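Fold and contact review
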Amino acid sequence: MADFTAQDRIYLPDRVFTALEDRMREGTGVWVRGERIQALVAVGDLPLDAPVERWPGTTITPGLIDAHVHLDNPGDGSTLAAMEEADEVLAAAGARHARTALEAGITTVRDCGSRGDTVFSIRRAIDLGWASGSAIVAAGSPLTVPRGHGWPMGGEVAGLEGVRAGVRAQRAKGADFIKVINSGGGTPGTYAWQAAFPIEELRAIVEEAHGLNMRVTVHCLCTEALQRTLAAGADQIEHGHFLLEGDRIEVDGPTADAIAAAGVFVTPTMVVASSLLERLGDDGDPAERDRWLRMLDGWLAGARRLREAGVRLVAGTDAGWRWVRFDDLPSEISLLRQVGLSAAASLRAATSESATAMGLDDVGAIAPGRRADLVAFAGDPVADPTALRRPVRVLQGGRAVALPVR
Ligand SMILES: [Zn+2]
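Definitions and cut-offs
Within each chain, residues carry numbers counting from 1 in the order of the written sequence. Only residues with pLDDT of 70 or above have their local features reported here, since the model is predicted, and side-chain atom pairs are shown and tallied only from 80 upward, although totals for entire chains, interfaces and linings are computed over all residues. In DSSP terms, a helix is any run of H or I states spanning at least four residues, a strand is any run of E spanning at least two, and both are numbered starting from the N terminus. We compute the radius of gyration from the C-alpha atoms alone; for a globule the expected value is 2.2 Å times N to the 0.38, where N is the number of residues. Counting other C-beta atoms within 10 Å of a residue's own tells you its class, since 20 or more makes it buried, 12 or fewer makes it exposed, and anything in between is partly exposed; those C-beta atoms are placed from the backbone. Residue pairs are scored as contacts if the distance between their C-beta atoms, which are placed from the backbone, is within 7 Å. Strand pairing follows a simple DSSP-based rule, namely that at least 2 bridges must link the two strands. Only the contacting stretch of a helix is used when fitting its axis, a line to C-alpha atoms as for every element, and angles between N-to-C directions run 0 to 180 degrees. Either an automatic procedure or a domain database provided the assignment from which the domain bounds are taken. Side-chain classes are defined by residue name, with Ala, Val, Leu, Ile, Met, Phe, Trp, Tyr, Cys and Pro counting as nonpolar, Asp, Glu, Lys and Arg as charged, and the others, Gly among them, as polar. Multiplying one less than the number of residues by 1.5 Å gives the expected span of a helix. Here the word oblique covers every angle except those under 35 degrees (roughly parallel), over 145 (roughly antiparallel) and from 65 to 115 (roughly perpendicular). Less than a right angle of anticlockwise turn of the near helix away from the far helix marks a crossing as left-handed, whereas a clockwise turn marks it as right-handed. Buried Ala, Val, Leu, Ile, Met, Phe, Trp, Tyr and Cys residues form a nonpolar core when they are connected through C-beta atoms within 7 Å.

1. Overview of the overall build of the protein chain
Along its length, the protein chain carries 12 helices and 16 strands. Relative to the 2.2 N^0.38 estimate, which gives 22 Å for 406 residues, the radius of gyration of the protein chain is 21 Å and therefore close to what a compact globule would have. Relative to its full complement of 406 residues, the protein chain shows a buried share of 54%. Within the protein chain, contacts between residues separated by at least 24 positions form 70% of all contacts whose residues are at least 6 apart in sequence.

Quick look at the structure:
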């Protein structure tokens, strides 16, 4: 074995989940040099002078990735009211949310829409070391039709030239990818069962973004929006629900098959409904409760059908929106198991699959050369998903994150 340097550490847990295979490795250490993973090593091969740190009773996984958050949203049910606050207020709150996610073992978040420059300000403060939080992959303002869902975030665009200019504007601000809102949603005056952009404008967005080497992911709550998004050649779909007028849900099999055939990833974000139901509790407004129970059922049915069709699902929570907390990725992972992913596949959906969907080859797996974003959970998160709520060590680029005493 090579000589060790002062920058080397070998972390020895009970188990290692690399996220590049389904099995757990035992008797294996993760060798980190500085901010990178050097190698996986068998315990039996380690020399006596190896710089070993033992983490008994734990499983090391790659740092988790939440593929859908809104850092500048509060996650306390006041999303719409929050849009009345100044950008500075939203950015300050967002920095705290990025830290909450990091302490939960979520070392990367993909921000799927923020107002104005807030997400770029949060990212800048973290880059400068003035704030601490997850690495941020950012869209900036989501592109939406005039007065479409999410318009208060500042991304209203219209017309072929207008939508192309919208892509370039987000790019100029520092966006890594483009988020498009292609149906209504929770914004008053918009309807989730109505598609938003005409196909020609969607195509122009995708073409402009791809020309700039940016991926495009599209908010779709209804079948028509899904079909237009596929026709436009987008890379990923957020939510992927099959709503019809009047909150009815009818899963469209051929559309699910078409999404699979196109190789488009889907982020089902089912925890939006489950966390809202949790919040409503048994004493909540019965009509509202019934509505969200039906919604959750329909979302689960849709995600199950997508999985059966062979669609690659990734874990994203929509944290910040409605009642979704920034540390609640484990709930979405559990919901992914409910719709048929194996325990290992559900963890890959929150690590390696998510990284693949975003085009990140630096994170999401434990392999030589990748960034040493690692989490040690107490227990075995494949055998027992509640272990995902017990991160005991978090490394970000090889550096230990101070965790709150739980
Ligand atoms: Zn969202």
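On we go from here.
2. Concerning the sheet that holds strand β6 (residues 64-69)
Picture the strands of a sheet paired through backbone hydrogen bonds; they go either parallel or antiparallel. The strand order across the open sheet formed by three strands is β6-β7-β8, and the pairing between neighbours is parallel. Only two strands of the sheet have a single partner each, and these edge strands are β6 and β8 (135-138). Looking at each pair of strands side by side, their axes are set apart by 20° on average, direction ignored. Looking at chain direction, β6 and strand β7 (residues 106-111) are connected through four bridges and run parallel. Bridge pairing in β7 links Ile65 to Thr108. The strands touched by helix α2 (residues 87-103) within the sheet are β6, β7 and β8, with β7 carrying the most contacts at an inclination of about 135°. In the packing of helix α3 (residues 118-127) onto the sheet, the strands contacted are β7 and β8, and the crossing angle to β8 comes to about 150°.

3. Notes on the domain arrangement of the protein chain
Split into domains, the protein chain comes out as domain 1 (8-61 + 365-400) and domain 2 (64-358). Contacts between the two partners involve 16 residues from domain 1, matched on the other side by 17 residues from domain 2. When residues of the side of domain 1 that touches domain 2 are assigned to their parent elements, the largest contribution, three residues, is made by strand β15 (residues 391-396). By residue class, the composition of the side of domain 1 that touches domain 2 is 11 nonpolar, two polar and three charged.

4. Considering the pairing of strand β5 (residues 52-62)
In terms of strand pairing, strand β1 (residues 8-16) meets β5 through six bridges, oriented parallel. Its bridge partner lying in β5, Arg15 is registered against Thr59. Inspection of the sheet shows β5 paired to strand β14 (residues 374-378) by five bridges, in the antiparallel sense. Note that in β14 the partner of Thr59 across the bridge is Phe377.

5. Examining helix α9 (residues 286-309)
Look at α9: 34 Å from first C-alpha to last across 24 residues, which is about the 34 Å you get at 1.5 Å a residue. Three or more residues of α9 are buried, namely Trp292, Met295, Gly298, Trp299, Gly302, Ala303, Arg305, Leu306 and Arg307. Tucked inside the fold, the buried residues of α9 contact β11 (236-244), β12 (248-249), α7 (253-262), β13 (265-267) and α8 (271-280). In the stretch just after α9, Gly310 is the one whose phi turns positive, near 100°.

6. Topic: unusual backbone geometry
Its identity as a non-glycine residue notwithstanding, Ala19 has a phi of 75°, on the positive side. As for its placement among the helices and strands, Ala19 is situated in the loop between β1 and β2 (25-26). Despite not being glycine, Asp318 has its phi angle at roughly 70°, a positive value. Inspection of the secondary structure puts Asp318 in the loop between α9 and α10 (329-338).

7. Side note on the environment of Glu200
Of note, Glu200 is situated in helix α5 (residues 199-211). Through-space distance from the C-alpha of Glu200 to that of Leu347 is 37 Å; in sequence the pair is 147 residues apart.

8. Some points on the packing of α5 against helix α6 (residues 223-232)
At a minimum axis separation of 8 Å, α5 and α6 run at an interaxial angle of 45°. Judged by the angle between their axes, α5 and α6 are oblique. In the crossing of α5 with α6, the sense of the turn from one axis to the other is right-handed. Here Ile199, Leu202, Arg203 and Val206 of α5 lie close against α6, whose contacting residues are Arg228, Thr229, Ala231 and Ala232.

9. Considerations on the packing of helix α4 (residues 160-173) against α5
Running from N to C, α4 and α5 cross one another at 35°; their axes reach a closest spacing of 9 Å. Viewed along their axes, α4 and α5 form a crossing whose handedness is right-handed. Residues Leu160, Val163, Arg164, Val167 and Arg168 of α4 pack against Glu200, Glu201, Ala204, Ile205, Glu208 and Ala209 of α5.

10. Re the nonpolar core
Within the largest apolar cluster, 118 residues are counted, with the highest numbers of intra-cluster contacts made by Val30, Ile178, Ile205, Val216, Cys222, Ile259 and Leu313. In terms of residue count, α2 provides more of this core than any other element does, seven residues in total. A domain-level breakdown of this core finds at least three residues from each of domain 1 (8-61 + 365-400) and domain 2 (64-358). Each residue touching Val216, except ones within four places of it in the same chain, is listed here: Phe177, Ile178, Val180, Ile205, Val206, Ala209, Ala234 and Asp235.

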